[in-house]
Amino acid sequence: MKNKKFYINTIGCQMNVYDSEQIAERLQRIGFVMENRVEDADLVIVNTCSIREKAEQKAFSFLGRLAKMKREKPRLMVGVCGCVAQQEGQKIVERMPYVDFVLGTQAIERLPAAIERIERQRCRIVDVNMAQEIQETADIPTCGNPHEISRFVTIMRGCDNYCTYCVVPYVRGRETSREPENIISEIKSLVANGVREITLLGQNVNSYGQKQGLCDFPTLLKRINDVEGLLRLRFTTSHPKDLSDGLIAAFRSMEKLCHHIHLPVQSGSNDVLARMNRRYTREKYLEMVANLREACPEIAITSDIIVGFPGETSEDFEQTKALIRQVEFDSLFAFIYSDRPNAPSGRFKGKVTEKEKKQRLQDVFDLQTGITQKIHASMKGTIKEVLVEGTSKKQVAENQGRAIDAVQWTGRTSGNKIVNFIQNHVSHVDTGIQVGEMVRVRIEKTFPHSLRGSLITGDSGHSLAKGDESYAA
Ligand code: SF4
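Residues numbered from 1 in each chain as written. Predicted model: local features only at pLDDT ≥ 70, side-chain atom pairs only at ≥ 80, totals over all residues.

(A) Region of the structure containing helix H8 (residues 217–225). Every buried residue of H8 is accounted for by Phe217, Pro218, Leu220, Leu221 and Ile224. With its buried residues spanning 155° around the axis, H8 presents them on a single face. Packed against the buried residues of H8 are helix H7 (180–192), strand S10 (197–201), strand S11 (232–236) and helix H9 (245–253). (Buried ≥ 20, exposed ≤ 12 C-beta atoms within 10 Å, placed from the backbone. Helix = DSSP H or I, 4+ residues; strand = E, 2+ residues; numbered from the N terminus. Arc of directions from axis to C-beta. Contact = placed C-beta atoms within 7 Å.)

Here's what the structure looks like:
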């Protein structure tokens, strides 16, 4: 396989981003090199998502493009991985004669062997076997951008919650947690390679370790918090039913834990929540939000909403809007409900019309946009700790008739807000700021999706503090 090029198209959540890194690492081990242009690749893999109909359509439309490419370049190898691969398996190779292999969510470790077999025997492979245990990474993925300062680390896979609309338990299997020692050693290696921020991934990180009798999630966080050289720690996703007092307290006590939680509520109606099998009520959810804000007043809370779940009446939807107004989320991911293969809600009565679903989605967007703008506007004049991720663009500005260089940097606050800031009067060679450094920025302008400010220079400018403290300007 020496010097053969691969291209991966990743669709879906952060879990798929992490899996694509794992896929790339295994391909590099057998001599492949990463290619950024699909047209120049010898092997193209689409890492699919089936959580929503739209994501699945995206995968099939990309695969349609590959059919044409394969006609022009018959030796091109095409693979399908991820949730759609797991769900559809054999049907994909039957429907798409140009696909060489279909590997399910737990077959990444077997990818090199599959490719070698295809090369040798010119055969096609479908492997959707569900392994019982997580295959540990033998080496740390090397495929990420060497300048990346933020990386994902999976701490568990699968899910046991069986929310009635969700395919994850069927396509990613039962919940399994990784051993804490393996997680810590992966993080230490990433930090040694320059990574400064880690986002821990799991379908429900709050139940980490419980099934296998490992340590609980706050204990794992504490151990990661102690890793030297790491500046920031994030996690996603948290199921509200398992949000513990220990985790809430962690936001107060762990200096590297970012002040942000993604806590999907899905609906503000208790009837809908019960039919979704979410196992909490709106009252319980609101209590959790209050407890989080008491422990960490500046915490940013984001959430997911599904509109048009079967049987969702206009009164149910009004309750969702009322909850959004009451909580004032920092931002929301809102989705239109769609029936998914295997998910029980596909058989539920009371389907909401497409027109009504679209209207409800728009209502949520409009409501949330106003709330986000209000929250952002309240940040004007405050000073934020920003972890520098890179330059967003270089500009040449005019200053009193003389051209000067100005570099626009980008980074994030602890609350996960994107901040762009300009640094004037710098040379191209030495800007004085480095990617992965923590700086302080005074917020001067706010937008719906980002903030803009100016660097606080002097002793107070560069800092290794980890919080997201706001100071009155
Ligand atoms: S908690 Fe529910 S929504 Fe989340 S992955 Fe598990 S089944 Fe799906």
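(B) Summary view of the environment of Lys222. Mapped onto the fold, Lys222 is located in helix H8. On a C-alpha basis, the gap between Lys222 and Leu257 in space is 9.2 Å, while along the polypeptide they are 35 residues apart.

(C) Up close: the pairing of strand S13 (residues 300–307). Among the eight residues of S13, six are classified as buried, and the element is accordingly described as predominantly covered. In the sheet, S13 pairs with strand S14 (residues 331–336) via six bridges, with the strands oriented parallel. Its bridge partner lying in S14, Val307 is registered against Ile336. (Pairing = 2+ DSSP bridges.)

(D) Here's a closer look at the sheet that holds strand S12 (residues 260–262). Strand order in the open sheet made by the three strands is S12-S13-S14, with parallel pairing throughout. Two strands lie at the open edges of the sheet, namely S12 and S14, each paired on one side alone. Ignoring strand direction, the axes of neighbouring strands in this sheet form an average angle of 15°. The strands touched by helix H13 (residues 354–377) within the sheet are S13 and S14, with S14 carrying the most contacts at an inclination of about 175°. (Axes fitted to C-alpha atoms, helices over the stretch in contact; angles between N-to-C directions.)

(E) The sheet that holds strand S1 (residues 5–10), seen in detail. Strand order in the open sheet made by the six strands is S2-S1-S3-S4-S5-S6, with parallel pairing throughout. With one partner strand each, in any of the chains shown, strand S2 (33–34) and strand S6 (125–127) form the two edges of the open sheet. Relative to S6, strand S5 (residues 101–103) runs parallel, the two being bridged by three bridges. Within S6, the position partnered with Leu103 by the bridge is Asp127. The strands that helix H1 (residues 14–29) touches are S1, S2, strand S3 (43–48) and strand S4 (77–82); relative to S1, the one it contacts most, it runs at about 170°.

(F) Just the nonpolar core, in detail. Grouped together as the largest cluster of nonpolar side chains are 93 residues, with contacts concentrated most on Leu103 and Ile155. The element that contributes the greatest number of residues to this core is S13, accounting for five residues. If near-sequence neighbours (up to four positions away) are discounted, Ile155 is found in contact with Ser177, Arg178, Ile183, Leu200, Leu201, Gly202, Val205, Tyr208 and Leu220. If you look at the next biggest cluster of nonpolar residues, it comprises twelve residues, including Leu231, Phe421, Val439 and Ile443. (Core = buried A, V, L, I, M, F, W, Y, C linked by C-beta atoms within 7 Å.)

(G) How the structure looks around unusual backbone geometry. Look at the link from Thr236 to Thr237: it is a cis peptide, with omega at 5°. Residue position: Thr237 is located in the loop between S11 and H9. Even without being glycine, Gln266 reaches a positive phi, approximately 70°. Of note in the backbone geometry, Asn416 takes a positive phi value of approximately 75° without being a glycine. Mapped onto the elements of the fold, Asn416 is located in the loop between strand S16 (402–412) and strand S17 (418–424). By the C-beta count within 10 Å, which is 18 here, Asn416 ends up partly exposed.

(H) The arrangement of the packing of helix H12 (residues 314–327) against H13 in detail. One can describe the packing of H12 onto H13 by two numbers: an axis separation of 10 Å at closest approach and a directional angle of 15°. Relative to H13, the element H12 lies roughly parallel. In terms of crossing hand, the pair formed by H12 and H13 is right-handed. Residues Phe317, Lys321 and Ile324 of H12 lie in contact with H13, whose contacting residues are Arg360, Asp363, Val364, Leu367 and Gln368. (Parallel < 35°, antiparallel > 145°, perpendicular 65-115°, else oblique. Left-handed = near helix turned anticlockwise from the far one by under 90°.)

(I) Structural detail: helix H5 (residues 111–121). Of the positions making up H5, those classed as buried are Leu111, Ala114 and Ile115. Along the long axis of H5, the arc covered by the buried residues comes to 95°, so they all point the same way. Along H5, exposed side chains directed more than 90 degrees from the buried face belong to Glu116, Arg120 and Gln121. Considering only its buried residues, H5 is in contact with H1, S5 and S6. Of the residues flanking the end of H5, it is Arg122, one or two places downstream, whose phi is positive at about 50°.

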